[in-house]
Amino acid sequence: MLKGRSIICPDDLSIEEIDDLFLLANDIIINKESYKESCNGYILATLFFESSTRTRLSFEAAMHKLGGDVVGFSDFNSSSVAKGESITDTVRTVECYSDLIVLRHPKEGAPILASNVLDIPLINAGDGAHYHPTQTLTDLYTIYNYKKKIDNLVIGICGDLKFGRTVHSLIKVLCKYKNISFVFISPDKLRLPDYIIKVLDKEGIKYIETDNLDNMKDLDVLYMTRVQKERFFNEEDYIKLKDKFIINNEVLKSAKEDLIIMHPLPRNNEISSEVDLDKRAVYFKQAKYGLYIRMALILKLLGIK
Ligand code: NCD
């Protein structure tokens, strides 16, 4: 039962629970009309201490489409946080006015700290370079829709593997599926952190780490990410690394016909706009799937049938 639970880490959900969310999202897509009053009388709060387009707007749109209401802020300078209020006092207050909180925060661990003082569910919408579990649900739901399965796939993940929270979350969950192997493509300075490597090793997952795109032909999924400028200590390092990998039509010549090219977005230069016309580019569809899977998650956490 997901009712009343907070979603902080990618593995807060079992594979069975993720499958149930997929089924519900499928039904929402087919029977949109029948969900439009499901959340009448419920309020979702979105507290964003970092910038966002897709995550915040898709959560808010999801709640509106379910007939619920939304409160919150996307610029914390307009909240009492600017007056020095702690995160725990802020969420305790917001709990008085809402049924479910979605929190994005630059500090890793802020969502768990916040959820510990709450009686209502809290969803981590990204904490620093750590995790972003609902992007992972979006990513998995996209793979499931295109590949009809999430087993036996070769998944390339390219870009900023050090600071990319979507990457860390996605890998943790993919490790639970059968016969997944990874190709991790990044500059040496942006390789995966040790705690993710440890998970891979513990689970006995096959992976290679490389600094080139030579393995393109082997991939079933290519998950591109932007270099996370906001996590760098100095601009010079960022500039040196930001355009190391660029996917364009030329690079894709050797790729499989049924490859899917994903990106959590926003993109910078890592996917050329010419690729948008390639049928293998699914990143905008991925953003759309994020809406339906978040609708499903809201319903489950609120325990609405
Ligand atoms: C990602 C994030 O915020 O981590 N964006 C998103 O939620 N779709 C990826 C990123 O910012 O690069």
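Everything that follows concerns the structure shown earlier in this document.
Keep in mind it's a predicted model, so treat the numbers as computed, not measured.

1. Concerning the nonpolar core
Formed by 64 residues in total, the largest nonpolar core has its most connected members in I157, I171, F182 and L200. With eleven residues, the top contributor of residues to this core is helix α9 (residues 283-302). Mapping this core onto the domain boundaries places at least three of its residues in each of domain 1 (10-132 + 290-302) and domain 2 (134-287). If we ignore the near neighbours within four places in the chain, the residues touching I171 are I157, F182, F184, L192, I196 and L200. Among the nonpolar cores identified, the runner-up in size contains 18 residues, and M224, L259, L265 and A281 belong to it.

2. Structural notes on helix α2 (residues 54-65)
In this model, α2 (twelve residues) spans 16 Å end to end at C-alpha, consistent with the 16 Å of a helix rising 1.5 Å per residue. Those residues of α2 lying buried are T55, R56, S58, F59, E60, A62 and M63. Looking at the buried positions of α2, the neighbouring elements they touch are β1 (43-48), β2 (69-73), β3 (100-105), β4 (122-127), α5 (133-147) and α9.

3. A short note on the packing of aromatic side chains
Under the defined criterion, the tally for this structure stands at 13 aromatic pairs. When the centroid spacing of 5.2 Å and the interplanar angle of 80 degrees are considered together, the rings of Y141 and Y289 count as edge-to-face. Placement of the pair is Y141 in helix α5 and Y289 in helix α9, with a sequence separation of 148 residues. We classify Y289 as buried; its relative accessible area is 9%. Among the aromatic residues, those joined into a ring-pair cluster are F22, Y141, Y144, Y146 and Y289.

4. Concerning the site of the ligand
By nearness alone, every residue bordering the ligand is listed as T55, R104, H132, Q135, R165, T166, R226, Q228, P264, L265 and P266. The contact in question runs from an oxygen atom of the ligand to an N or O atom on the side chain of Q228, over 2.8 Å. For the ligand, whose unbound accessible area comes to 320 Å², protein coverage reaches 94%. Here the shell around the ligand gathers at least three residues from each of two domains, domain 1 (10-132 + 290-302) and domain 2 (134-287).

5. Topic: unusual backbone geometry
Each neighbour pair has its own omega, and for L265 with P266 the value is 10 degrees, a cis peptide bond. Its identity as a non-glycine residue notwithstanding, N152 has a phi of 55 degrees, on the positive side. Position of N152 relative to the elements: it lies in the loop between α5 and β5 (154-158). Relative accessible area serves as the criterion here: at 45%, N152 is assigned to the partly exposed category.

6. Re the pairing of β3
Within β3, six of the six residues are buried, which leaves the element mostly enclosed by the surrounding structure. Side chains L100, V102 and R104 project from β3 onto one buried face, and the interleaved I101, L103 and H105 project onto a second face that is buried too. Taken together, the five bridges between β1 and β3 define a ladder with parallel strand orientation. Bridged to T46 within β3 is V102. One ladder, built from four bridges, connects β3 with β4; its direction is parallel. What sits directly across from L103, in β4, is N124. At this point the chain moves from β3, through helix α4 (residues 110-115), to the parallel β4, and the crossover so formed is right-handed.

Calculation notes
- Residues numbered from 1 in each chain as written.
- Predicted model: local features only at pLDDT ≥ 70, side-chain atom pairs only at ≥ 80, totals over all residues.
- Heavy atoms only, no water.
- Core = buried A, V, L, I, M, F, W, Y, C linked by side-chain atoms within 4.5 Å.
- Buried < 20%, exposed > 50% of the residue type's maximum accessible area, 1.4 Å probe, protein only.
- Helix = DSSP H or I, 4+ residues; strand = E, 2+ residues; numbered from the N terminus.
- Domains from an automatic or database assignment.
- Contact = heavy atoms within 4.5 Å.
- Expected span 1.5 Å × (residues − 1).
- Phe/Tyr/Trp six-rings, centres within 6.5 Å; stacked < 30°, edge-to-face > 60°.
- Near = heavy atom within 4 Å.
- Polar contact = N/O pair within 3.5 Å; in protein donor to acceptor, adjacent residues only side chain to side chain.
- Areas by Shrake-Rupley, 256 points an atom, 1.4 Å probe, with all protein chains shown as cover.
- Pairing = 2+ DSSP bridges.
- Right-handed = clockwise from strand over helix to strand, strands pointing away.

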